[in-house]
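# Close look at the chain arrangement
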Number of protein chains: 4
Amino acid sequence: MLPEVNLRPPFNITRASHVVLHVADLAKSREFYVNIVGLVVSDQTEDTCYLRGLAEACHHSLVLVQSQGAATCKRIGFRVFFEEDLDLAYAFFKAEGLPAEWAEVAHQGRTLHVEDPYGTKLELCASMETRPRMYLEIEKFKGAHGQRLDHYQIFSPDTHASCAFYSRLGFRNSEYLAHGDQLLGAFMYRKGTCLDLAIVQNDGPCLHHFAYTVSESHNIFTACDLAGIYGYSASVERGPGRHGPGGMLFVYLRDPDGHRVELFNSHYQTIDIEIEPVRWDAATLSTNVRWGLPAPHRWYFEATPFEGAVQIATASPPKPETLETYVQKLSAAQP
Amino acid sequence: MLPEVNLRPPFNITRASHVVLHVADLAKSREFYVNIVGLVVSDQTEDTCYLRGLAEACHHSLVLVQSQGAATCKRIGFRVFFEEDLDLAYAFFKAEGLPAEWAEVAHQGRTLHVEDPYGTKLELCASMETRPRMYLEIEKFKGAHGQRLDHYQIFSPDTHASCAFYSRLGFRNSEYLAHGDQLLGAFMYRKGTCLDLAIVQNDGPCLHHFAYTVSESHNIFTACDLAGIYGYSASVERGPGRHGPGGMLFVYLRDPDGHRVELFNSHYQTIDIEIEPVRWDAATLSTNVRWGLPAPHRWYFEATPFEGAVQIATASPPKPETLETYVQKLSAAQP
Amino acid sequence: MLPEVNLRPPFNITRASHVVLHVADLAKSREFYVNIVGLVVSDQTEDTCYLRGLAEACHHSLVLVQSQGAATCKRIGFRVFFEEDLDLAYAFFKAEGLPAEWAEVAHQGRTLHVEDPYGTKLELCASMETRPRMYLEIEKFKGAHGQRLDHYQIFSPDTHASCAFYSRLGFRNSEYLAHGDQLLGAFMYRKGTCLDLAIVQNDGPCLHHFAYTVSESHNIFTACDLAGIYGYSASVERGPGRHGPGGMLFVYLRDPDGHRVELFNSHYQTIDIEIEPVRWDAATLSTNVRWGLPAPHRWYFEATPFEGAVQIATASPPKPETLETYVQKLSAAQP
Amino acid sequence: MLPEVNLRPPFNITRASHVVLHVADLAKSREFYVNIVGLVVSDQTEDTCYLRGLAEACHHSLVLVQSQGAATCKRIGFRVFFEEDLDLAYAFFKAEGLPAEWAEVAHQGRTLHVEDPYGTKLELCASMETRPRMYLEIEKFKGAHGQRLDHYQIFSPDTHASCAFYSRLGFRNSEYLAHGDQLLGAFMYRKGTCLDLAIVQNDGPCLHHFAYTVSESHNIFTACDLAGIYGYSASVERGPGRHGPGGMLFVYLRDPDGHRVELFNSHYQTIDIEIEPVRWDAATLSTNVRWGLPAPHRWYFEATPFEGAVQIATASPPKPETLETYVQKLSAAQP
């Protein structure tokens, strides 16, 4: 049921790279990501803060932009391997009749702005300024020691169609979620681990979350503890828990604007093409497939819109077991 | 507001020692505690299984007894320092008009059965058979590597009265929970850490839970993962989370009979008498004071009765924020 | 000073894949890798045992072959992306005048045996049989929970020449060790982390070690503890310690035949081509650059020969500070 | 062979409490203990810095005193339970013909200075000022997150005689080291874990080391990493390793004056009197009984003298396998 993957894609996307978010209070958001997630500031201007994880050598994986308006996502970024992949990408998107235009972006090499068929705003570049990796400068560590941006999860009104589009760009599924012959969730990667881009079915396009890796499971507890200390205990939205698909330990936090960031501990290695994607069945899967409580309703249905994107309602919205429906059943069972 | 502590108590209780539980299916319960909690079996007869934690040298800290009837708790055990403390204890309980009688208990020295004023069934002894500590026999480890029994939490219809009783026996509070001048929770210890006996207000006497220590925070995730693997995912009742009082990382599991066992990582050291107990205010405290979801209703109100004990309704039952009430508010806030 | 890298190599090697070792006692070696490293057995025949790490889906990453003779390494394996990469590889090696021949290897797809210019025995294949990843079957875990094969380190009589050869195949340096303008150590990768193949200067070709990842730092202590328990305490050859280049926590064990296996915790992500390799200077670098004792002489000079390979003496052997020379200085300083 | 323990000692010592050290450079030593060990400063005057572990409520467990002269240890402190225990202690030491005099010590209650029969300088008090425990103020954590002072190890010219003295004060052995019928090491405790005072045979009296607990094994690696970062890589004197007696993971650091501090992860619980001390045999025990390299000569023979104490040569100095003798054997075995 999965779309065919083009293993020789028209241009070479290598990995999820950086996310650009509008925030209502730059200083407050910066503190959140520094003190709780543990990112380091690479640069800051009056209205923009550039952050990276401790293990990252590229200039930024998170860009916070002071906004007067809505807390949208401006772009999610992917890296391509060669400069010339940008030109090939430009040609591809133009040929598809999709938006594609060159942009000047600080601290990045030549940059291309494109959109997928549902209006997800993407940004491609082949290089960034570099900075020293900080992963051994332990004396400067803060927060949960966020190591590197790993992946995004987006809402698409049609998961299969979106999955088919990214499959043409060489994205493969490590795991996927289906109901009968309907694809509901596609966990796709380009780099050699489980994920660069997860696509789930819902009104979109929206950014559901972006995820940073942490080194060890205790960092997940530290993230929660610091969220509590800094006044964000209600922002620990889901977890700590263990994922079904992918199998990682995770926690989801909501930042001051409600953008959702996941911290998780590690992925297995993909790469080889003979390995079949793992299928999960929606009929038997709840989000607490391993243990723990289901995710709350808002985890399923709230997400960050992309700046200027037109929201498209999905024909088949998810009907998950939520914390709310689970608790209703619990209550009904009480004497 | 705390009762006066007798620092020269009439006899010397040293620590929480062992819990004796009725179970409906001995083999199943044994598997639960071996495979998930990680206890080791010291001995087993046709109807009784004796278990201990990896770091324990005494014969048992958990005794499972095959039962035809209700899954009650037979006794919670405390150790006294000297043999003669048993005689002093006998005299004390008799003088108080409380039940006290000698018992023969396998693998234990001379044993005394007594009850506190609300009928909590206690068992005192001064010695046990010993077994090698297993804490370095890593090749035999299972489950979450439960190290040692640490404490009990009981329901008392009158926390202040119960706390006053145990204060006369030399128990001190490390922390306590109050509402105005009403004592709602007493976190009491004899050994030099936070807890041997926690007392919270509710219909009782009941055993709310008993707790084993684990060495590191990752063991808590392992407990959850194994609960999921062995079919007990719904038994992960609360957590993983971080306690308000005491501040430990914890998870609560329900065993096959619904007995509740806590795994937590570590306590600070008490001992010195000049240190004031930490006060927590019920008005500002929810059970998720640090982060995470509130405990479900059943965590607050379900507990294991003591065998043969008459339940006494409390005059002021707790009115906690539960998962259920919290979720109701969440739902109400949704558009 | 680093050789030019061909970023469009003649064929696409994707990662280090598997190592094939001769062992004197198959059962004993199997026990070592299962009980201490924590690998799982995928298959076993009378004279061959196939093992994989907990997170691996491919049939084997370690193949132990019962031998009557010397404990040599038969081959180190690399994966190529497409079947046709094998044909391209065949053509390349033939054109170079290097050995290249097709082989039948159990549980692998079409397999090519080749040698680098110094006689290092390589094995290339594009696919293997697959097995379920075991990384969440915690109830079956043993040993240090070895996750996956990560890389090899080999001895080359001429590091620069070897590095130049592998650079033509698309291998890049994440870090390197130099003395003035002499390249002494090349830490090269194809997959998106620090290493697939480390090359250090010494008499060769030899396999210095192969390395498995572990999830968390505590697994490194567990490996040591289990080595002690199973009678291999003297086989904990170096560490636990923290690497200079790469910066990982590590321990090196010698297996029953003296083959050296490293366990280490994690690597940063590479991938992007604008990031410069990190240079380490041999003049200022000791192997205990971070902390801890220098490696013993045998760690520097003992390695596993490749089966049938002619040893070539290096013109400039390493002159490291060893544990032995360090201790001599310590002793001289004592009164 | 162990001396008889007085289980009803003349006064009640409860635990190891604090160590007072002369240092050559107060600022430098403070930085060492704050940045590497992770202690917090409770107070500082011109010439004295008072530190405590994150989990400690008492004012200080380490007192650094600026010195013009030798880097001696002024005192090691123990707590007694009641004020009146101080008077009982005074009477006891006087009756023994041992030094005992009252002292005024800042931030402590009434304080008694005494000496054991070999001149070990002890300080007893029943109370201190208190400070908030910091163990959950994660945002302020530094270093290896040292939790609390746990124990001391001293040199005694006659271990058996010293052990006999402390046994009269109620100290019990959790484990001990013997050669035939000669006691070489006594691992003694008052609080309910393995250790408050370890006594090993050597010229003395000297303070071999004092030890702080850490919460998890990864903190031990952090201590080493930070030692390296702050210029103390050569001060990581022994470890990380696993103890024979006690079985803890450990690392030993030398501070700027050469005082030795151990960080270790956890102890089992003692308390019960029926449990026999564990015997270790010097003939079969090396210090690397579990795994890892033997301790260097200086770890065995260097220690901090007590201020003003007369050194007494032991009649039977230790003859351990050291790193130096071990390496000599290694070297001899090399071709």
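All of these numbers come straight from a predicted model, not from anything done at the bench.

Turning to the overall build of chain A, a few remarks are in order. Summing up its helical and strand segments, chain A has six helices and 18 strands in all. For 335 residues, the compact-globule estimate of 2.2 N^0.38 gives 20 Å, and the C-alpha radius of gyration of chain A, at 19 Å, lies within 12% of that figure. Its C-alpha atoms put chain A at 65 × 50 × 40 Å along the principal axes. The buried share of chain A, taken over its 335 residues, is 64%. Across chain A, contacts joining residues at least 24 apart in sequence account for 70% of those joining residues at least 6 apart. Total accessible area on chain A stands at roughly 11400 Å², and carbon and sulfur atoms take up 52% of it. Averaging the locations of the 29 positively and 40 negatively charged side chains of chain A gives two centres separated by 2 Å.

Let us now look at the sheet that holds strand β7 (residues 111-115) of chain D. Residue and element names in this part refer to chain D. With mixed pairing, the eight strands of this open sheet are ordered in space as β2-β3-β4-β1-β5-β8-β7-β6. Both edges of this open sheet fall to β2 (40-44) and β6 (100-103), since each of them pairs with a single strand only. Ignoring which end each strand starts from, the neighbouring axes of this sheet average 25 degrees apart. Across four bridges, β6 lies against β7 in antiparallel orientation. Opposite Trp-102, over in β7, you have Leu-112 as the bridge partner.

To continue, consider the interface of chain C and chain A. Each partner contributes residues to the interface: chain C has 39 residues there, and chain A has 39 residues. When chain C packs against chain A, the two sides together hide about 3200 Å² of surface, and 54% of this comes from carbon and sulfur. Counting the surface chain C buries against chain A, the share from its top three residues, Phe-81, Gln-269 and Glu-274 of chain C, is 18%. Across the contact surface, chain C and chain A share eight salt bridges. Put simply, Arg-79 of chain A and Glu-274 of chain C hold a salt bridge, and the shortest N to O gap is 2.8 Å.

Now for the relation of the copies chain C and chain A. For the pair chain C and chain A, the superposition axis carries a translation of 0.0 Å, the fit reaches an RMSD of 0.0 Å, and the rotation angle comes to 180 degrees. These values place the two chain copies in the arrangement generated by a two-fold rotation axis. Scanning chain C for the C-alpha nearest the rotation axis identifies Glu-216 of chain C, at a separation of 2.8 Å.

With that settled, the discussion passes to helix α6 (residues 323-333) of chain B. Within α6 of chain B the residues assigned to the buried category are Leu-323, Glu-324, Tyr-326, Val-327 and Leu-330 of chain B. Looking down the long axis of α6 of chain B, one finds its buried residues gathered within 160 degrees of arc, a one-sided arrangement. Those residues of α6 of chain B that are exposed and aimed more than 90 degrees away from the buried face are Gln-328, Lys-329, Ala-332 and Ala-333 of chain B. The inward-facing, buried residues of α6 of chain B abut α5 (297-301) and α6 (323-333) of chain A together with α5 (297-301) of chain B.

Turning next to the relation of the copies chain A and chain B. The two copies are related by a screw operation: chain A maps onto chain B through 180 degrees of rotation and 0.0 Å of translation along the axis, at an RMSD of 0.0 Å. Take the interface residues of chain A: 100% of them recur as interface residues in chain B, which is what a same-surface contact looks like.

Moving on: the UniProt feature "domain: VOC" (unreviewed entry) in chain A. According to UniProt, the feature "domain: VOC" (unreviewed entry) maps to residues 15-127 and 148-266 of chain A in the numbering used here. Between the end C-alpha atoms of residues 15-127 of chain A there is a gap of 12 Å, over a span that is 22% helix and 41% strand.

Moving on to the pairing of strand β12 (residues 197-201) of chain C. All names here are of chain C. Within β12, five of the five residues are buried, which leaves it mostly tucked inside the rest of the structure. Burial of the side chains of β12 extends over both faces: Leu-197, Ile-199 and Gln-201 are buried on one face and Ala-198 and Val-200 on the other. As paired elements, strand β11 (residues 182-189) and β12 share four bridges and run antiparallel to each other. When the sheet's bridge partners are listed, Ala-186 is paired in β12 with Ile-199.

For the rest of this paragraph, the subject is the pattern of salt bridges. Here the idea is simple: oppositely charged side chains can pair when their charged atoms come close. The tally for this structure, following the rule as stated, stands at 92 salt bridges over all chains. Across the salt bridge formed by Arg-8 of chain D and Glu-84 of chain B, the nearest N and O atoms sit 2.8 Å from each other. A residue pair is termed interchain when its members come from two chains, as with Arg-8 of chain D in the segment before β1 (13-23) and Glu-84 of chain B in helix α2 (residues 83-95). The partly exposed category is assigned to Glu-84 of chain B, whose relative accessible area is 42%. Several salt bridges share partner residues, and in doing so they unite Glu-237, Arg-254, Arg-260, Arg-298 and Glu-302 of chain A into one network.

Below, the discussion takes up the confidence of the model for chain A. Detailed reading of the predicted coordinates is not advisable wherever pLDDT falls low. When the pLDDT values of chain A are averaged, the result is 95; 98% of them are 70 or greater. Per the prediction output, this complex has pTM 0.97; the corresponding ipTM is 0.96.

With 25 residues of chain A at the contact, the number on the chain B side is 25 residues. A buried area of about 2300 Å², summed over both sides, lies between chain A and chain B, and 65% of it is on carbon and sulfur atoms. In this assembly, chain A and chain B are joined by two salt bridges. In this structure, the salt-bridge partner of Arg-242 of chain A is Asp-225 of chain B, at a minimum N-O distance of 2.5 Å. Only α4 (218-229), β14 (236-242), α5 and α6 of chain A provide two or more residues apiece to the side of chain A that touches chain B. Residues of the side of chain A that touches chain B, tallied by class, amount to 12 nonpolar, eight polar and five charged.

Moving on to helix α1 (residues 26-37) of chain C. With 12 residues, α1 of chain C extends 16 Å from end C-alpha to end C-alpha; this agrees with the ideal 16 Å at 1.5 Å per step. Listed in full, the buried residues belonging to α1 of chain C are Leu-26, Ser-29, Phe-32, Tyr-33, Val-34, Asn-35, Ile-36 and Val-37 of chain C.

Glancing now at unusual backbone geometry. Residues Gly-239 of chain B and Pro-240 of chain B are joined by a peptide bond in cis, for which omega reads 5 degrees. Tracing the backbone through its elements, the reader meets Pro-240 of chain B in strand β14 (residues 236-242). The step from Gly-204 of chain C to Pro-205 of chain C runs through a cis peptide bond, and the omega angle for that step is 10 degrees. If you trace the backbone, Pro-205 of chain C turns up in the loop between β12 and β13 (206-213).

Residue and element names in this part refer to chain D. Within strand β10 (residues 172-179), seven of the eight residues are buried, which leaves the element mostly enclosed by the surrounding structure. For β10 and strand β11 (residues 182-189), the ladder comprises seven bridges, and the chain directions are antiparallel. From the neighbouring strand, Leu-177 faces β11, where its bridge partner is Gly-185. Here β10 hands over to β11 after two residues, with Gly-180 in that stretch at a positive phi of 60 degrees.

Looking now at the packing of aromatic side chains. The tally for this structure, following the rule as stated, stands at 80 aromatic pairs over all chains. With a centroid separation of 5.1 Å and 90 degrees between ring planes, the pair formed by Trp-299 of chain B and Tyr-300 of chain B is classed as edge-to-face. An angle of 65 degrees between the planes, with centres 6.0 Å apart, marks the rings of Phe-93 of chain D and Phe-165 of chain D as edge-to-face. With Phe-93 of chain D in helix α2 (residues 83-95) and Phe-165 of chain D in helix α3 (residues 159-168), this residue pair connects regions lying 72 residues apart in the sequence.

A word on the environment of Glu-31 of chain C. All names here are of chain C. Inspection of the secondary structure assignment puts Glu-31 in helix α1. Judged by its relative accessible area of 40%, Glu-31 is partly exposed. A C-alpha to C-alpha distance of 9.3 Å links Glu-31 and Tyr-230, two positions 199 residues apart in sequence.

Residue and element names in this part refer to chain A. Spatial ordering of the open sheet is given by β2-β3-β4-β1-β5-β8-β7-β6, a layout of eight strands whose pairing is mixed. Both edges of this open sheet fall to β2 (40-44) and β6 (100-103), since each of them pairs with a single strand only. When strand polarity is set aside, the average angle formed by the axes of neighbouring strands in this sheet is 25 degrees. Here β2 runs beside strand β3 (residues 48-52); their pairing, made up of four bridges, is antiparallel. By the bridge assignment for β3, Val-41 is matched with Leu-51. Contacting β1 (13-23), β2, β3 and β4 (62-66), helix α1 (residues 26-37) crosses the sheet at an angle of about 160 degrees to β4. Together, β5 (73-80), β6, β7 (111-115) and β8 (121-125) form the strand contacts of helix α2 (residues 83-95), whose direction differs from that of β6 by roughly 145 degrees.

Right, let's get into the side chain of Arg-172 of chain D. When you line up the elements, Arg-172 of chain D lands in strand β10. Of the side chains bearing the opposite charge, Glu-274 of chain D lies closest to the buried Arg-172 of chain D, which forms no salt bridge; the N-O distance is 7.2 Å. Contacts of Arg-172 of chain D, omitting those with residues within four sequence positions, involve Phe-81 of chain B together with Val-5, Leu-7, Phe-187, Met-188, Tyr-189, Ile-271, Asp-272 and Ile-273 of chain D.

Conventions adopted
- Residues numbered from 1 in each chain as written.
- Chains lettered and ligands numbered in written order.
- Predicted model: local features only at pLDDT ≥ 70, side-chain atom pairs only at ≥ 80, totals over all residues.
- Heavy atoms only, no water.
- Helix = DSSP H or I, 4+ residues; strand = E, 2+ residues; numbered from the N terminus.
- Rg over C-alpha atoms; globule rule 2.2 N^0.38 Å.
- Buried < 20%, exposed > 50% of the residue type's maximum accessible area, 1.4 Å probe, protein only.
- Contact = heavy atoms within 4.5 Å.
- Areas by Shrake-Rupley, 256 points an atom, 1.4 Å probe, with all protein chains shown as cover.
- Lys, Arg positive; Asp, Glu negative; His and termini not counted.
- Charge placed at Lys NZ, Arg CZ, Asp CG, Glu CD.
- Pairing = 2+ DSSP bridges.
- Axes fitted to C-alpha atoms, helices over the stretch in contact; angles between N-to-C directions.
- Buried area = accessible area lost by both parts, 1.4 Å probe.
- Salt bridge = Lys/Arg side-chain N within 4 Å of Asp/Glu carboxyl O.
- Least-squares fit on C-alpha atoms with pLDDT ≥ 70 in both.
- Arc of directions from axis to C-beta.
- UniProt positions renumbered as here; feature names shortened; annotations may be inferred.
- pLDDT = per-residue confidence, 0-100.
- Nonpolar A, V, L, I, M, F, W, Y, C, P; charged D, E, K, R; others polar.
- Expected span 1.5 Å × (residues − 1).
- Phe/Tyr/Trp six-rings, centres within 6.5 Å; stacked < 30°, edge-to-face > 60°.

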